[in-house]
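# Coordinates in review
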Amino acid sequence: MVMPISSELKQNFQQNLLTWFQDQKRDLPWRRTQDPYQIWVSEVMLQQTQVDQVLPYFYRFIEAFPTVEALARASLSEVLKVWEGMGYYARARNLHTAARRIVEDYGGKIPDTFKELSQLPGIGPYTVRAILSIAYNQDYPVLDGNVIRVLCRVFHIDKDPRSGGVKKELLQLAGELLPPGKASIFNQALMELGALVCRPQRPLCLLCPLRSLCQARASGDPAALPVKTPKKTLPHYHICVGIIWKDHQVLIALRPLEGLLGGLWEFPGGKLEEGESLEACVVREVREELGIEVKVDKPFMVVKHAYTHFRITLHSFHCTYLSGDPRPLGCIDWKWVSPDDLPQYAFPKGNKKILEKLLDKSGQ
DNA sequence: AAGCCGGGGCC
DNA sequence: GGCCCAGGCTT
C-alpha cells in the first residue's frame, strides 16, 4: 500500500495543479460543453488516440450526429464512414449500440450512475469514471495513461502499473488526492498535465507545477518511470489485393463485423504464402474470398502500413474479372461499384491510399 | 493476466 | 524501425 499522504502534501498537490490548469489548459471543443453526450463521444474517441488526431473527427461526428437520438437513428455504415481512418473500429460499433440502448432504455438521457454506465458496451473502468466525473462532477478518480505516469513519477512508484494490484493502488491514490466537489476539473487537470508537461519522453519538469514535490524528479531520472515493458518486434507480412474490373466497375468486399477492421470495406486479397508469387497470391485469395476467377493485369501501387501487432506491405494489382458468381466466402458481403462511388464506403487506411490514387488517376 | 484491436507522431 | 499513446473486450 501507498504511504498515507499528509494533508499538507495533498493541498499543495491540488492547489498547484488546479492553478496551473486554469492558466494552461487547452481550449478543446468538449471543454466548451456540458452535454454528457458530447463528453461521452470525446472520451471514447480519446481511448488510445491523442487529442490532435481526435479533433477533426470529433467536429465531424457531432455535426453528423448532434444528439444521442441522431446517433441511434443512423446506420452502422454511416457511423463507420464518419469514423473511417481513426482506427479501433469496435469503438464506433459499441458507441452506436450503446446509443440505441440509451434511447431505448433511458429515454435518451446518458445514465449518471456507475452501474448503468458500466453496462453499456465500450464503457470500461476508465470511461465510466471519466463520464461521471467530467460530465456529472461526481467524485470519481480516473486512471488513464497520463494519470498513471504522473502518479508513478510524483510518488516514485517503480512497480509495473499494468498489474492489477498496482492499478488498484494508483486508483486509491488518485481518489485520496481528489478534492471533493471538484472531480471534473481535477481529473482533467491531471490528464492535461500528463499530456502537456509530464510527457512519456523528455518531460518538461521546469514547467511543472508539481516539480517541488515530485520524487522522480528528485531522484534524477523522471523519464525512467513508469517502468517500461519490453516489446517484441512486430512480424512483417506481404498482403496482395486485386482491383478487379468488370464493365468499368470494381469489386469490393465487406469484412466481418468482429475482428480486425470489422465492418469496413476492402479490395479483395490476403496474405502472401511462403514461396508464392505476388500475382498467384491475388488469384488464390480472390478465389478463396469470393469464389471467382480473375486475371492479373499489372501492378498498381505498394503501400506500407503498421498495425498494433504486425506490419504489412500492401501490393495492389489491376485485375480483370473472368468467371464465376461472387459469393461471400471470406467476407460478409460484396459489391460491384463505379470508382466514383467508392468514397461512400468506409475503408481501412491502407486501402484508402490505393483508392485515392485510383480516383486521382481516373480524374485526370 | 495476456492477447487482440488502428493509426499518427516522434526519434 | 522502435516507441509512445485520454482503453475495452475476449479468452
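Residues numbered from 1 in each chain as written. Chains lettered and ligands numbered in written order. Predicted model: local features only at pLDDT ≥ 70, side-chain atom pairs only at ≥ 80, totals over all residues.

### As for the overall build of chain A
Across its full length, chain A carries 14 helices and seven strands. When its C-alpha atoms are laid out on the principal axes, chain A stretches across 80 × 50 × 40 Å. A burial count over chain A gives 36% of its 364 residues as buried. Considering only contacts in chain A between residues 6 or more positions apart, those separated by 24 or more positions represent 67%. (Helix = DSSP H or I, 4+ residues; strand = E, 2+ residues; numbered from the N terminus. Buried ≥ 20, exposed ≤ 12 C-beta atoms within 10 Å, placed from the backbone. Contact = placed C-beta atoms within 7 Å.)

### Here we look at the domain arrangement of chain A
Parsing chain A into structural domains produces domain 1 (7-224) and domain 2 (236-362). Taking only C-alpha atoms into account, the centre of domain 1 sits 37 Å from that of domain 2. Each partner contributes residues to the interface: domain 1 has nine residues there, and domain 2 has nine residues. Counting residues per element, the ones that place at least two in the side of domain 1 that touches domain 2 are α5 (76-83) and α6 (90-106). No other element matches the four residues that α5 contributes to the side of domain 1 that touches domain 2. Partitioning the side of domain 1 that touches domain 2 into residue classes produces four nonpolar, two polar and three charged. (Domains from an automatic or database assignment. Nonpolar A, V, L, I, M, F, W, Y, C, P; charged D, E, K, R; others polar.)

### Quick notes on the pairing of strand β5 (residues 293-306)
Where β5 lies against strand β6 (residues 311-323), 12 bridges are found, and the strand directions are antiparallel. Looking across to β6, one finds that V302 is bridged to H315. (Pairing = 2+ DSSP bridges.)

### Some remarks on the confidence of the model for chain A
The predicted model of chain A averages 94 in pLDDT, with 98% of residues at 70 or higher. Highest mean pLDDT in chain A belongs to helix α4 (residues 68-73) (98); lowest belongs to helix α14 (residues 349-362) (87). (pLDDT = per-residue confidence, 0-100.)

### Here we look at the protein's contact with DNA strand C
Near DNA strand C you find 29 residues, and of these L46, G124, T127, G145 and T233 are the closest. Elements with a contribution of two residues or more to the surface near DNA strand C: α8 (125-135), α9 (145-154) and α11 (183-196). Considering every element that reaches the surface near DNA strand C, the biggest residue donor is α11, with four residues. Per-class residue counts for the surface near DNA strand C are 12 nonpolar, 11 polar and six charged. (Near = placed C-beta within 6 Å.)

### Structural notes on helix α10 (residues 164-177)
The terminal C-alpha atoms of α10 lie 20 Å apart, and with 14 residues this matches the ideal 20 Å at 1.5 Å per residue to within 8%. Buried residues of α10: L170, L173, A174 and L177, and no others. Looking down the long axis of α10, one finds its buried residues gathered within 100° of arc, a one-sided arrangement. Of the residues in α10, the exposed ones pointing more than 90 degrees away from the buried face are G164, G165 and K168. Contact partners of the buried residues in α10: α1 (7-24) and α9. (Expected span 1.5 Å × (residues − 1). Arc of directions from axis to C-beta.)

### Quick word on the protein's contact with DNA strand B
Around DNA strand B lies a shell of 18 residues, among which T49, G87, G164, T308 and K349 are the nearest. Of the residues assigned to the surface near DNA strand B, the class counts are seven nonpolar, 10 polar and one charged.

### Points about the nonpolar core
Formed by 93 residues in total, the largest nonpolar core has its most connected members in I131, V147, L151, A174, L190, I244 and V282. Residue assignment places this core across two domains, with domain 1 (7-224) and domain 2 (236-362) each supplying three or more. Beyond its immediate chain neighbours, meaning those up to four positions away, I131 contacts P36, I39, W40, E43 and L117. (Core = buried A, V, L, I, M, F, W, Y, C linked by C-beta atoms within 7 Å.)

### Section: the packing of α9 against α11
Running from N to C, α9 and α11 point in directions that differ by 80°, and their axes come no closer than 8 Å. Regarding the angle of α9 to α11, the classification is roughly perpendicular. Counting all contacts with α9, which are made through N146, V147, R149 and V150, the residues of α11 involved are L190, M191, L193, G194 and A195. Grouping the amino acids of the contact of α9 with α11 by side-chain chemistry returns six nonpolar, two polar and one charged. (Axes fitted to C-alpha atoms, helices over the stretch in contact; angles between N-to-C directions. Parallel < 35°, antiparallel > 145°, perpendicular 65-115°, else oblique.)

### Details of the environment of C319
Looking at where C319 falls in the secondary structure, it is placed in strand β6. C319 sits 158 residues away from P161 along the chain, and the two C-alpha atoms are 50 Å apart. In contact with C319, not counting residues within four places along its chain, are G242, I243, I244, W245, V282, V294, K295, V296 and D297.

### Notes on the environment of E273
In this structure, E273 sits in the loop between β4 (269-271) and α13 (278-290). The class for E273 is exposed, based on 11 C-beta atoms found within 10 Å. Each C-alpha atom of the pair E273 and I239 lies 9.4 Å from the other, and the pair is 34 residues apart in sequence.

### Some words on unusual backbone geometry
Following L225, the chain continues to P226 via a peptide bond in cis, the omega torsion being -10°. Even without a glycine there, the phi angle at Y88 is positive, about 45°. A positive phi angle, near 45°, is found at H156, a position not held by glycine. Among the structural elements, H156 can be located in the loop between α9 and α10.

### Some thoughts on the environment of S133
Its location among the elements puts S133 in helix α8. Separated by 120 residues in the primary sequence, S133 and F13 place their C-alpha atoms 19 Å from one another. If near-sequence neighbours (up to four positions away) are discounted, S133 is found in contact with Q138, Y140, V142, A183, S184 and N187.

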